[in-house]
Amino acid sequence: MVNPASIVPAFGSGCSSSAWQQIPGYNGASAYLTLNTNQPSQSTNSATWQPNVIIPGIYKVEAFIAYHGTISSCNGTTPVDTSDAHYSVTHANGTTLVSGNQLPLNNEWLNLGNYSFTAGTSGKVKLTDLNDEANLSRFVSFSAVRFSLVSASDVTPPTVLGINRLNPTPTNSSSVELTVTFSEPVTGVGASDFSLTTSGIVGASITSISSDSGAMRTVTISTGSGNGTIRLDLADNNSIVDAAGNPLGGAAIGDGNFTTGQVYTINKTGGGDTTGVF
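As the structure is a prediction and not an experimental result, all values here were calculated from the model.

Caption draft 1: Main features of a nonpolar patch on the surface. On the surface, a nonpolar cluster with roughly 290 Å² of combined accessible area is contributed by Ile54, Ile55 and Leu149. With relative accessibility at 39%, the residue Leu149 sits in the partly exposed group.

Set out below in structure tokens:
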């Protein structure tokens, strides 16, 4: 993405109208020069570049520095470009101030660094005429800013692929195990993320969950007493996240719920079939 400069004040011919001097810029668009100031009260000229980011991720940010020959400035001098252009880059993690050396560049890109941007228009780059060089001694150059995607962010939330039995059913065992399979490695899986749906069973409970890493968990259930069925459900409370911090199912509580796992049939009085269906 290449964004042209949105300058303030608007360009007007003549130094008294806007203090801008217009030169050829990137790809046929205009670029602008203005004299620097080291006095905040004298700072009047600035530009903003605000991209519409479609793919969130890490972007390399660069400013185009347009070539120009010797130009008389508004105060009659013939300055060169600044070696202390004060850029501010607003990104997903805050705002970073960058001092850029425009002086040696002629129709070249000045690297301002790599930054994380979310989708939309919340990110921006701003440059003003204010810097730390001698007052009214240098040109500050304003042209295009380029945002180049380095790596896309992971914005896909994890999901539950299945909850499957590890033991035969029907069974008369005092405990059974199930495997919970996620679409990718996750963390934050705990007992509070699960519930049991039972019929005819009294006192069934979750007794253990395997270590919190990878894309699979083994959940052990005490089958309680009585004859009936037990199903392990996952109740999404956004505690389960992937490596990028995406919560299970998405941003909303409950959008990662899973209630269609395999069912155990418990037959305590009938002896159970330990070689039954898995």
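So that's the structure; there's more coming.
Caption draft 2: The pattern of salt bridges, seen in detail. The tally for this structure, following the rule as stated, stands at 4 salt bridges. Linking Glu62 and Lys60 is a salt bridge whose minimum nitrogen-to-oxygen distance equals 3.8 Å. Overall, Glu62 belongs to the buried group, its relative accessible area being 7%. When the shortest N-O distance is used, the salt bridge between Glu133 and Arg138 registers 3.4 Å. Taking relative accessible area as the criterion, Glu133 reaches 12% and is therefore assigned buried. Residue classification places Arg138 among the partly exposed positions, given a relative accessible area of 21%. Members of the salt-bridge network, linked through shared partners, are Lys60, Glu62 and Arg146.

Caption draft 3: Representation of the pairing of strand E18 (residues 228–234). Extensive coverage of E18 is indicated by the burial of 5 of its 7 residues. For strand E15 (residues 194–199) and E18, the ladder comprises 6 bridges, and the chain directions are antiparallel. The residue bridging Thr198 from the neighbouring strand is Ile230, located in E18. Bridging between E18 and strand E19 (residues 263–266) involves 4 bridges; their strand directions are antiparallel. Following the sheet pairing, Gly228 is matched in E19 by Ile266.

Caption draft 4: The side chain of Thr128, seen in detail. Turning to its location among the elements, Thr128 is positioned in strand E10 (residues 124–128). Setting aside residues up to four positions removed in sequence, Thr128 forms contacts with Ser43, Asn45, Ser46, His86, Val140 and Phe142.

Caption draft 5: Spatial organisation of the side chain of Thr90. The topology assignment puts Thr90 in strand E7 (residues 85–91). One polar contact links Thr90 to Thr95, side chain to side chain, over a distance of 3.2 Å. When sequence neighbours within four positions are dropped, the list of residues in contact with Thr90 reads Thr95, Phe117, Ser122, Gly123 and Lys124.

Caption draft 6: Quick peek at the sheet that holds strand E1 (residues 2–3). The strand order across the open sheet built from 4 strands is E1-E12-E6-E9, with neighbouring strands paired in antiparallel fashion. Both outer strands of the open sheet, E1 and strand E9 (108–117), are each paired with one neighbouring strand and no more. As judged from the 2 bridges shared by E1 and strand E12 (residues 145–152), these two strands associate in the antiparallel manner. Paired with Asn3 across the two strands is Val145, which belongs to E12.

Caption draft 7: View of the sheet that holds strand E5 (residues 46–49). If you walk across this open sheet you meet the 5 strands as E2-E5-E10-E7-E8, and the pairing is antiparallel. The open sheet terminates on both sides in strands that have one partner only, identified here as strand E2 (6–8) and strand E8 (94–100). Each strand of the sheet is rotated relative to its neighbour by a mean of 20°, with strand direction disregarded.

Caption draft 8: Up close: the packing of aromatic side chains. Counting across every chain of the model gives 8 aromatic pairs. For the pair Phe64 and Trp109, a centre-to-centre distance of 5.1 Å together with 65° between the ring planes defines the contact as edge-to-face. Remark: Trp109 occurs in strand E9 and Phe64 occurs in strand E6 (residues 57–65); sequence separation between them is 45 residues. The exposure class of Phe64 is buried, given its relative accessible area of 6%.

Caption draft 9: Region of interest: the environment of Ala244. Tracing the backbone through its elements, the reader meets Ala244 in the loop between E18 and E19. A sequence separation of 100 residues divides Ala244 from Ala144, and the C-alpha atoms of the two residues are 32 Å apart.

Caption draft 10: Highlighting the nonpolar core. The biggest cluster of nonpolar side chains holds 25 residues, and the ones touching the most others in it are Val61, Tyr87, Leu112, Phe117, Val125 and Phe142. Of all elements in the fold, only E5, E6, E7, E9, E10, strand E11 (139–142) and E12 reach the threshold of two or more residues within this core. Setting aside residues up to four positions removed in sequence, Phe142 forms contacts with Trp20, Ala31, Tyr32, Thr34, Ser46, Ala47, Trp49, Leu127, Thr128 and Asp129. Listed in part, the 20 residues of the second largest apolar core include Val180, Ile201, Val219 and Ile221.

Caption draft 11: Up close: the environment of Val125. In this fold, Val125 is placed in strand E10. Classification of Val125 as buried rests on a relative accessible area of 0%. For the pair Val125 and Thr48, spaced 77 residues apart in the sequence, the C-alpha separation amounts to 5.7 Å. Ignoring any residue separated from it by four or fewer positions in sequence, one finds Val125 in contact with Ala47, Thr48, Trp49, Val61, Tyr87, Ser88, Val89, Leu112, Val145 and Phe147.

Quick notes on the rules
Residues numbered from 1 in each chain as written. Predicted model: local features only at pLDDT ≥ 70, side-chain atom pairs only at ≥ 80, totals over all residues. Heavy atoms only, no water. Patch = residues over 30% accessible without salt bridge, like charges linked within 9 Å, V, L, I, M, F, W, Y side chains within 5 Å. Areas by Shrake-Rupley, 256 points an atom, 1.4 Å probe, with all protein chains shown as cover. Salt bridge = Lys/Arg side-chain N within 4 Å of Asp/Glu carboxyl O. Buried < 20%, exposed > 50% of the residue type's maximum accessible area, 1.4 Å probe, protein only. Helix = DSSP H or I, 4+ residues; strand = E, 2+ residues; numbered from the N terminus. Pairing = 2+ DSSP bridges. Contact = heavy atoms within 4.5 Å. Polar contact = N/O pair within 3.5 Å; in protein donor to acceptor, adjacent residues only side chain to side chain. Axes fitted to C-alpha atoms, helices over the stretch in contact; angles between N-to-C directions. Phe/Tyr/Trp six-rings, centres within 6.5 Å; stacked < 30°, edge-to-face > 60°. Core = buried A, V, L, I, M, F, W, Y, C linked by side-chain atoms within 4.5 Å.

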